[in-house]
Amino acid sequence: MSNESAGALAGKVAVVTGSGQGLGLAYAQELARHGAAVVINDVVQETAERAVEAITAAGGRAVAVVAPVGSTEAATALVEGAVAAFGRLDILVTNAGVLRDKSILKMTDEDFDLVIQVHLRGTFTCAREAYRHFKENNVAGRIITIGSPTGQYGNFGQTNYAAAKAGIVGMVRTWALEMKKAGVTANAVIPVAATAMTETVPFFRSAVEADRRGEPMPDFFRKDLGFGTANDVAGLIAYLASDEAADITGQAIGVGGDRLQIFSHPQPVVTEYRDGGWDFDSLREQFPAAAEGNLQRVGEKLPPLPEELQTAPQAR
Ligand SMILES: NC(=O)c1ccc[n+]([C@@H]2O[C@H](COP(=O)([O-])OP(=O)(O)OC[C@H]3O[C@@H](n4cnc5c(N)ncnc54)[C@H](O)[C@@H]3O)[C@@H](O)[C@H]2O)c1
C-alpha cells in the first residue's frame, strides 16, 4: 500500500457482517489497513475472535459482535457495538451470507426463507439502522452491499439466492435516491473469489489449487472469468468506503481477479406504442416482429474451461 492511501480511512469506523472468514474477513482487514476501526460480525464466537486477533496483530483496531444478521435486534447491536467501542459509525458492509442451493421443486420453504432472511432482510435491517445513525449524526456514510452474478443473470439451482441478490441491487437503486440528500452512498459489489462458498466448485478447482500452492491463478481465471482471491475484491470495498467515492452511488460493480465491471441497470431494449393499448390480437400480430433479436438471454455466459485446466467434469 502506498503511503498516500495508507490513512485513507483514518478516523472512520466500519461494520462488516459475516467477517469471521472468507471475503468478509478480507474486507475487514483491508478497511483496517487503511486506518478504519472495524466491528467484526459472525455467528461463531471463535471465528469472530480469530478475525479480531488477526487485525489487532497487524496493528489495526477491531472488536467482535456475535449475532446472526437478519433481525432488527442484530442490526441495532451492530450499530451500538460500533458506537460503544469506537464512538461512531461511517461504513457498513453487508456481506453475511449462506447458500441453500436446490432446483425449484426440491427447494423447501425453509431453504427459501433462510437465504432471504440472511442476505435480503439482513441487508435491509443493517442498512436501515446504519442509515438512521448516519442521518442523526450527520455522517456522510457508506453502505456497501454484496450482490452476486446469480442476482444479475440467474443461475440454475439458486431461486432463493437469485431473489435475494437481485433484491439487494434493487434496494441499492432505491437507497441511492432516498439517501442522496444526506450525502450517504449505497452501492452493490458483485464479487467472484475463491472462498469456502466457491472452492468446492469443480470449474474453479485448478485455480484454487494454484492459490493453495502459493502460485498465481492462471490468466483464464483471473481475466476471462474474473475469478481470483478474496484480497482481489477487498480494494474496491475500501475505495467505495473512502472520501474519493463520495459521488459513486446506486451502482452495481463487479470485481474479481484482474477484472472490474460496472453493470448496467435494466432498461427497455424495445419500446412500441399502439393507440388504445395492446390486446391479445395486436400482440399476436406485432409482438414477434418487436421481439425479433431482442429477447434477452439468461444465465451467465462463461467461456469453456481450456483442456489443460480441466481437473474434473465441467460444472459450476
Ligand atoms: N465467493 C464468491 O465468489 C461470491 C460470489 C458472489 C457473492 N458472494 C457473496 O459474498 C459474501 C461472502 O461470501 P464468502 O464466499 O466469503 O462465503 P463464506 O461462507 O466464506 O462467508 C460467509 C460468512 O457469513 C457468515 N454468516 C452466515 N450467516 C450469517 C448471519 N446470519 N449473520 C452473520 N454472519 C453470518 C458465515 O459464518 C461466514 O463466516 C456472501 O454474501 C456471498 O453471497 C460470494
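- If you check an unreviewed UniProt entry, the protein chain appears there as SDR family oxidoreductase from Arthrobacter zhangbolii.
- Listed in UniProt under the heading Sequence similarities (unreviewed entry), the comment for the protein chain reads: "Belongs to the short-chain dehydrogenases/reductases (SDR) family."

## Remarks on the overall build of the protein chain
Reasoning step 1: Within the protein chain one finds eleven helices and eight strands.
Reasoning step 2: Its C-alpha radius of gyration of 21 Å places the protein chain within 12% of the 20 Å reference for a compact globule of 316 residues.
Reasoning step 3: Each principal axis of the C-alpha distribution contributes one length, and for the protein chain these read about 65 × 50 × 40 Å.
Reasoning step 4: Out of the 316 residues in the protein chain, the part that is buried amounts to 43%.
Reasoning step 5: Counting only contacts in the protein chain whose residues sit at least 6 apart along the sequence, the fraction spanning at least 24 positions is 70%.

## Some remarks on the environment of Glu215
Reasoning step 1: Its location among the elements puts Glu215 in the loop between α8 (205–212) and α9 (219–224).
Reasoning step 2: Take Glu215: there are 9 C-beta atoms within 10 Å of it, and that puts it in the exposed class.
Reasoning step 3: For the pair formed by Glu215 and Ala230, sequence separation is 15 residues and the distance between their alpha carbons is 15 Å.

## Notes on the packing of helix α2 (residues 22–33) against helix α3 (residues 45–57)
Reasoning step 1: Viewed as axis vectors pointing N to C, α2 and α3 meet at an angle of 30°, and their least axial separation amounts to 10 Å. Between α2 and α3, the angle falls in the class roughly parallel. The two elements α2 and α3 cross, and the hand of that crossing is right-handed. Contacts from Leu25, Ala28, Gln29 and Ala32 of α2 reach α3 at Ala51, Ala54 and Ile55.
Reasoning step 2: For the contact of α2 with α3, the class distribution of residues is six nonpolar, one polar and no charged.

## Some thoughts on helix α11 (residues 280–291)
Reasoning step 1: For α11, spanning twelve residues, the distance from its first C-alpha to its last is 15 Å, which sits close to the expected 16 Å at 1.5 Å a residue.
Reasoning step 2: Of all twelve residues in α11, zero are buried; the element is thus mostly exposed.
Reasoning step 3: Following α11 by one or two positions, Gly293 adopts a phi angle in the positive range, close to 75°.

## A closer look at the sheet that holds strand β4 (residues 91–94)
Reasoning step 1: Taking strand neighbours across the sheet as the criterion, the eight strands line up as β3-β2-β1-β4-β5-β6-β7-β8 in an open arrangement whose pairing is mixed. At either margin of the open sheet sits one strand with a lone partner, and together these are β3 (61–66) and β8 (259–262). Within this sheet the neighbouring strands show an average axis-to-axis angle of 20°, counted without direction.
Reasoning step 2: Pairing of strand β2 (residues 37–42) with β3, which is carried by six bridges, proceeds in the parallel orientation. Bridge pairing in β3 places Val38 opposite Ala62.
Reasoning step 3: Of the strands in this sheet, β4 and β5 (142–146) touch helix α5 (residues 109–136), which is tilted by about 175° from β4.
Reasoning step 4: Against the sheet, helix α7 (residues 159–179) contacts β5, β6 (185–191) and β7 (252–256), and its axis sits at roughly 160° relative to β6.

## Some thoughts on the pairing of β2
Reasoning step 1: The element β2 is extensively covered by neighbouring structure, given that six of its six residues are classed as buried.
Reasoning step 2: Judged by which residues are buried, β2 turns out to be covered on both faces: Ala37, Val39 and Asn41 on one side and Val38, Ile40 and Asp42 on the other are all buried.

Cut-offs applied
Residues numbered from 1 in each chain as written. Predicted model: local features only at pLDDT ≥ 70, side-chain atom pairs only at ≥ 80, totals over all residues. UniProt positions renumbered as here; feature names shortened; annotations may be inferred. Helix = DSSP H or I, 4+ residues; strand = E, 2+ residues; numbered from the N terminus. Rg over C-alpha atoms; globule rule 2.2 N^0.38 Å. Buried ≥ 20, exposed ≤ 12 C-beta atoms within 10 Å, placed from the backbone. Contact = placed C-beta atoms within 7 Å. Axes fitted to C-alpha atoms, helices over the stretch in contact; angles between N-to-C directions. Parallel < 35°, antiparallel > 145°, perpendicular 65-115°, else oblique. Left-handed = near helix turned anticlockwise from the far one by under 90°. Nonpolar A, V, L, I, M, F, W, Y, C, P; charged D, E, K, R; others polar. Expected span 1.5 Å × (residues − 1). Pairing = 2+ DSSP bridges.

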